[in-house]
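Observations on chain architecture
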Amino acid sequence: MYVITFYSFKGGVGRTMAMVNAAAQLVKSGRKVLLVDFDLEAPGLDAFPLLRPETEVPGIVEFVSDYLTTGCAQPVAKYVFRGARLGEGVGRLWIMPSGVRNGTYGARLQAINWQNLYSEHNGYLLFEDLRAQWESHLEVDYVLVDSRTGHTDVGGICTRQLPDAVVLSLLPNEENIRGLESIAAEIRQERAGPLQKKIEMFFVPSNVPYLDDEEDILNRRLEEAERRLGFVEPDATIHRYDSLALLDGEIFSITHPHSRLAKEYEQLATAITAKNLDDRSAVLRLLSSEDAIFRRAIPELQNLDSLLERIQISHSRDGEVIH
């Protein structure tokens, strides 16, 4: 199981849209995917008709509230539901919503003291249990987590505790770059922390105007982002796309699979899978280096001997991978 958090310092860059469409691309290619709405103050997954449950389903808020009431982590099956079928493949989709969106949702959210949850109620272990349940109960290949913008009490849960990787969406202006500098630094510091956890980062300029750039403004801003955030080139770029269909919450990877926008989301999904050495299809493409995204992933992983050792451990019984 590979957990990826989608994070942006500011709103309006299409973070949730990118996550949902990347998930659709993964499901279409046969992966089993869980979407988690951890943007608790401004939940967005239910804005997509294909991602709405037939009846109200409890989610993150109730999972935490029930734990604080009972002192025991509840079975995750109570807080997830099966999503609509996306495409004709064998992939599957589950969704863990933010919570039941009725008149008491805001009060129930405000009643959770996140700092106290960690300091007095073993909150760290609660979310380790949740992650373990995602893997054991749902047996998913990928978990995509939608995180709140800015600096929040739950930010560290989404960007450092839960994920194996973080997609950082940004419009490359000063406000976004400055806001992401400390977030990227904190994620990198986890490698030297107690758990020595290396979290991959994907840098994705988003909502980028598709315009002539006679004054080279975009390239200059991207170079500034690369320098200050510490990446060589974007893992994918999502351009602004003018379509009224977006107002209806359409998932373009499903409804308009040949559009430019869907192709950009496909590139993002491919970049994500390239770093997951437990993904059989991705490993086969990585070993064959059949396209630029996978060739670029090799030096960013560990050295070649270590890379091959990790692949051998993960796929020891798969003759096609090993040979």
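Structural data are supplied above this passage.
The text that follows walks through the structure, step by step, so that each part is easy to find. (Residues numbered from 1 in each chain as written. Predicted model: local features only at pLDDT ≥ 70, side-chain atom pairs only at ≥ 80, totals over all residues. Heavy atoms only, no water.)

Scanning the chain from terminus to terminus reveals 14 helices and eight strands. Looking at the chain as a whole, 50% of its 323 residues are labelled buried. Put simply, 73% of the contacts in the chain that link residues at least 6 apart link residues at least 24 apart. (Helix = DSSP H or I, 4+ residues; strand = E, 2+ residues; numbered from the N terminus. Buried < 20%, exposed > 50% of the residue type's maximum accessible area, 1.4 Å probe, protein only. Contact = heavy atoms within 4.5 Å.)

A few words now on the sheet that holds strand β6 (residues 165-170). On the basis of which strands lie adjacent, the open sheet formed by eight strands has the order β3-β4-β2-β5-β1-β6-β7-β8 and mixed pairing. Looking along the sheet, the strands with just one partner apiece sit at the ends: β3 (81-82) and β8 (238-239). Bridging between strand β2 (residues 32-38) and strand β4 (residues 92-96) involves five bridges; their strand directions are parallel. Bridging from a neighbouring strand, Val 33 pairs with Leu 93 of β4. Set on the sheet, helix α1 (residues 15-28) makes contact with β1 (2-7), β2, β4, β5 (142-147) and β6; between it and β5 the angle comes to about 170 degrees. (Pairing = 2+ DSSP bridges. Axes fitted to C-alpha atoms, helices over the stretch in contact; angles between N-to-C directions.)

On the surface, a cluster of negative charge is made up of Asp 212, Asp 213, Glu 214, Glu 215, Asp 216 and Glu 223. Along the chain, Glu 214 falls in the loop between β7 (200-208) and α8 (217-229). Look at Glu 214 and you get exposed, because its relative accessible area is 78%. (Patch = residues over 30% accessible without salt bridge, like charges linked within 9 Å, V, L, I, M, F, W, Y side chains within 5 Å. Areas by Shrake-Rupley, 256 points an atom, 1.4 Å probe, with all protein chains shown as cover. Salt bridge = Lys/Arg side-chain N within 4 Å of Asp/Glu carboxyl O. Lys, Arg positive; Asp, Glu negative; His and termini not counted. Charge placed at Lys NZ, Arg CZ, Asp CG, Glu CD.)

Let us now look at helix α10 (residues 260-274). Structural remark: α-helix, 3.6 residues per turn; residues separated by three or four positions point the same way. Relative to the 21 Å expected for 15 residues at 1.5 Å per residue, α10 spans 21 Å between its end C-alpha atoms, a close match to the ideal helical length. In terms of burial, α10 is a largely internal element, eleven of the 15 residues being buried. (Expected span 1.5 Å × (residues − 1).)

Formed by 38 residues in total, the largest nonpolar core has its most connected members in Ile 4, Phe 6, Leu 35, Leu 51, Leu 144 and Ile 272. Elements represented by at least two residues in this core include exactly β1, α1, β2, β4, β5, β6, β7 and α10. The element that contributes the greatest number of residues to this core is α1, accounting for nine residues. Excluding its chain neighbours within four sequence positions, the residues that come into contact with Leu 51 are Val 20, Leu 35, Leu 45, Phe 81, Leu 93, Ile 95 and Ile 251. Ranked by size, the runner-up nonpolar core spans 33 residues in total, among them Phe 38, Trp 94, Met 96 and Val 154. (Core = buried A, V, L, I, M, F, W, Y, C linked by side-chain atoms within 4.5 Å.)

This part is about the environment of Arg 178. Locating Arg 178 in the fold gives a position in helix α7 (residues 174-189). Owing to a relative accessible area of 48%, Arg 178 belongs among the partly exposed residues under this scheme. Considered as a pair, Arg 178 and Ala 225 are 47 residues apart in the sequence and their alpha carbons are 9.0 Å apart.

Another aspect to go through is a nonpolar patch on the surface. Taken together, the side chains of Tyr 124, Leu 125 and Leu 195 define a hydrophobic patch exposed on the protein surface, amounting to about 310 Å² of accessible area. Here Tyr 124 shows up in helix α5 (residues 123-138). Classification of Tyr 124 by relative accessible area gives partly exposed; the value is 34%.

So, about the environment of Cys 158. Mapping Cys 158 onto the fold places it in helix α6 (residues 155-161). Remark: the alpha-carbon pair of Cys 158 and Tyr 7, spanning 151 residues in sequence, is separated by 8.4 Å. In this view, Cys 158 contacts Thr 5, Phe 38, Val 145, Ser 147 and Pro 163; residues no more than four positions away in its chain are not counted.

Bringing unusual backbone geometry into the picture now. For residues that are not glycine, phi is negative in most cases, and the peptide bond is trans in most cases. The backbone phi angle of Asn 122 is positive, close to 55 degrees, even though this residue is not glycine. Considering the arrangement of structural elements, one finds Asn 122 in the loop between α4 (114-120) and α5. A positive phi angle, near 60 degrees, is found at Asp 216, a position not held by glycine. For Asp 216, the position within the fold is in the loop between β7 and α8.

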